Amino acid sequence: MAGLDAIETASRDEIAALQTVRLRRTLDHAWRNVPHYRRSFAEAGVHPGDLRTLDDLARFPFTTKQHLRDAYPFGLFAVPRTDVRRLHASSGTTGSATVVGSTQADLDIWAHLVARSIHAAGGRAGMTAHIAYGYGLFTGGLGAHAGAERLGCAVVPVSGGMTPRQVRLLCDLRPEILMATPSYALVILDECRARGVDARALGLRSGIFGAEPWSEAMRTELEQGFGIDAVDIYGLSEVMGPGVASECVESKDGPVVWEDHFYPEVIDPQSGALLADGQPGELVFTTLSRQAMPLIRYRTRDLSCLLPGTARTMRRIGRIAGRSDDMIVLRGVKLFPSQVEALILRDTRLAPHYLIELHREGRLDRMTVRVETRDGVADDGEAAAALMHAVKEVLGVTARIEVTAAGSIERSAGKALRVRDLRGTVR
Ligand code: DLL
């Protein structure tokens, strides 16, 4: 197919052969240059030479976020500091900080994979890409930027925030591609409406949204609002950044894992046992080409499943339901904010801006869903009753619903805060 890398449509055997060669090289590179891997492989009784087929990877130990924290800042680096060209770091809001490094070759492959992702979304050389992912230590902005340039796009590096300016730039510069978190894309859409700008007439064609969980209903909302095709892009800074997997516009059936550079597995999060393709569990990635910081069997905490290839021969991941650490456990029932989002969006009176609060009353955990009405809709209490009923029926929990006026829930220019857990605090 025109414009695709040959490997995107290679046979499964060809992909497996390439993965095996790269995996052996990566295991060897990690074992030779990172004391942590030398130690953990020895503890598990394995050696890089033990990998004969891809299935042998299951004998190697996992790497976790805690290993990255313990190694802060450079303990997992496999190249000399002088070979490192970029450092990204997590803020450490939910724990201590972590640092991820890239060599020039790592940055080149990253740009190439984001270019491939934008191409899969329908982007082409000569188009203009408006990048509203945050620039800085977060990998979204710089990752998207390098990929769009690599594809041959003109980049508008606007970053997140200053929403009125975003709308003005969309009107004036007429980009075909919008890259942002889905929640921030929605904020931009609302701003268009507030300013009387017809978002469908902006000339946008593709939206490439990710960095947080979102629902099919949100896809429909964004596609109809902007008159675009919206696709899901997945990635994480530890493994690279955006572009580990990305969806094809012709199928829109889950992000394709760029398997020539990342080897995916799904495991049972409790036992660590490898699960068959199609089974839901925790995503685990092994990098196949990263030089500065190779990661072996990195546990993402993201819950998904591996699906067979469709538009490409490489496997897909199912839409990420959420992370095991933002799964809400309410009186024994497990649910994700994205499931609540899907129910909210079924009701045309409600806007997709919401916040879930968890608190404790006496011994009982309670959930309150705060959600806004759409602009111009008067709240007569019926939407709240309907949502309460839907949450009970579909998710099996009783929630208190507070329907609030349009604009009352705090907006984010990056990843939206969807859950506030106040159960540990006195109310
Ligand atoms: O969010 C990288 C990225 C930037 C991806 C821009 C896509 C677009 P981190 O800040 O390290 O990196 O956060 C990674 O975000 O483990 C998931 O929990 C979540 N996440 C990322 N993409 C998706 C997605 C970037 N498409 C964490 N759907 C990951 C659901 C996502 N969750």
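Since this is a predicted model, take the numbers as computed values, not measurements. (Residues numbered from 1 in each chain as written. Predicted model: local features only at pLDDT ≥ 70, side-chain atom pairs only at ≥ 80, totals over all residues. Heavy atoms only, no water.)

1. Some details on the overall build of the protein
Stage number 1. Across its full length, the protein holds 10 helices and 21 strands.
Stage number 2. What you see for the protein is a C-alpha radius of gyration of 22 Å, in line with the 22 Å of a compact globule of 427 residues.
Stage number 3. Here the C-alpha coordinates of the protein stretch approximately 70 × 55 × 40 Å along the principal axes.
Stage number 4. Taking all 427 residues of the protein together, the buried fraction comes to 53%.
Stage number 5. Nonlocal contacts in the protein, meaning residues at least 24 apart in sequence, comprise 65% of its contacts between residues at least 6 apart.
Stage number 6. Accessible surface, the protein as shown: approximately 17,800 Å² in total, 51% of it carbon and sulfur.
Stage number 7. Charged side chains of the protein number 52 positive and 52 negative; the gap between the two group centres comes to 3 Å. (Helix = DSSP H or I, 4+ residues; strand = E, 2+ residues; numbered from the N terminus. Rg over C-alpha atoms; globule rule 2.2 N^0.38 Å. Buried < 20%, exposed > 50% of the residue type's maximum accessible area, 1.4 Å probe, protein only. Contact = heavy atoms within 4.5 Å. Areas by Shrake-Rupley, 256 points an atom, 1.4 Å probe, with all protein chains shown as cover. Lys, Arg positive; Asp, Glu negative; His and termini not counted. Charge placed at Lys NZ, Arg CZ, Asp CG, Glu CD.)

2. Comments concerning the pairing of strand 3 (residues 128–131)
Stage number 1. The alternating pattern of strand 3 places Thr128 and His130 on one face and Ala129 and Ile131 on the opposite face, and all of these are buried.
Stage number 2. Examined bridge by bridge, strand 3 and strand 4 (residues 154–156) share 3 bridges and lie parallel to one another. Its bridge partner being in strand 4, His130 is matched across the sheet by Val156.
Stage number 3. Tracing the backbone out of strand 3, into helix 5 (residues 139–151) and back to the parallel element strand 4 gives a crossover that is right-handed.
Stage number 4. Strand direction decides the pairing type here: strand 3 and strand 5 (residues 177–180), joined by 3 bridges, are parallel. Paired with His130 across the strands is Leu178, a residue of strand 5. (Pairing = 2+ DSSP bridges. Right-handed = clockwise from strand over helix to strand, strands pointing away.)

3. So, the site of the ligand
Stage number 1. Near the ligand there are 20 residues, and of these Asp232, Ile233, Ser237, Asp302 and Lys415 occur at the shortest range.
Stage number 2. Ala211 is positioned with one of its backbone polar atoms (N or O) 3.1 Å from a nitrogen atom of the ligand.
Stage number 3. Within the side chain of Ser237, one N or O atom sits 2.7 Å away from an oxygen atom of the ligand.
Stage number 4. Look at the ligand: alone it shows 610 Å² of surface, and the protein chains cover 92% of it.
Stage number 5. Considering every element that reaches the shell around the ligand, the biggest residue donor is strand 7 (residues 229–236), with 5 residues.
Stage number 6. Considering only residue class, the shell around the ligand consists of 9 nonpolar, 5 polar and 6 charged. (Near = heavy atom within 4 Å. Polar contact = N/O pair within 3.5 Å; in protein donor to acceptor, adjacent residues only side chain to side chain. Nonpolar A, V, L, I, M, F, W, Y, C, P; charged D, E, K, R; others polar.)

4. Considering the state of the cysteines
Stage number 1. Under the criterion given, the structure shown has 0 disulfides.
Stage number 2. Considering cysteine sulfurs only, Cys248 is the nearest to Cys305, which forms no disulfide, with 16 Å between them. (Disulfide = S-S within 2.5 Å.)

5. Points about the packing of helix 1 (residues 12–33) against helix 2 (residues 35–44)
Stage number 1. Taken N-terminus to C-terminus, the directions of helix 1 and helix 2 make an angle of 105 degrees; their axes are 5 Å apart at the nearest point. The angle between helix 1 and helix 2 falls in the class roughly perpendicular. Residue-level contacts link Leu27, Ala30, Trp31, Arg32 and Asn33 of helix 1 to Pro35, Tyr37, Arg38 and Phe41 of helix 2.
Stage number 2. Of the residues that constitute the contact of helix 1 with helix 2, the class distribution is 6 nonpolar, 1 polar and 2 charged. (Axes fitted to C-alpha atoms, helices over the stretch in contact; angles between N-to-C directions. Parallel < 35°, antiparallel > 145°, perpendicular 65-115°, else oblique.)

6. Some thoughts on the side chain of Ser117
Stage number 1. Along the chain, Ser117 falls in helix 4 (residues 104–120).
Stage number 2. When its relative accessible area of 0% is taken as the criterion, Ser117 is described as buried.
Stage number 3. Among residues more than four places away in sequence, those in contact with Ser117 are Ile233, Gly243, Ser246 and Trp258.

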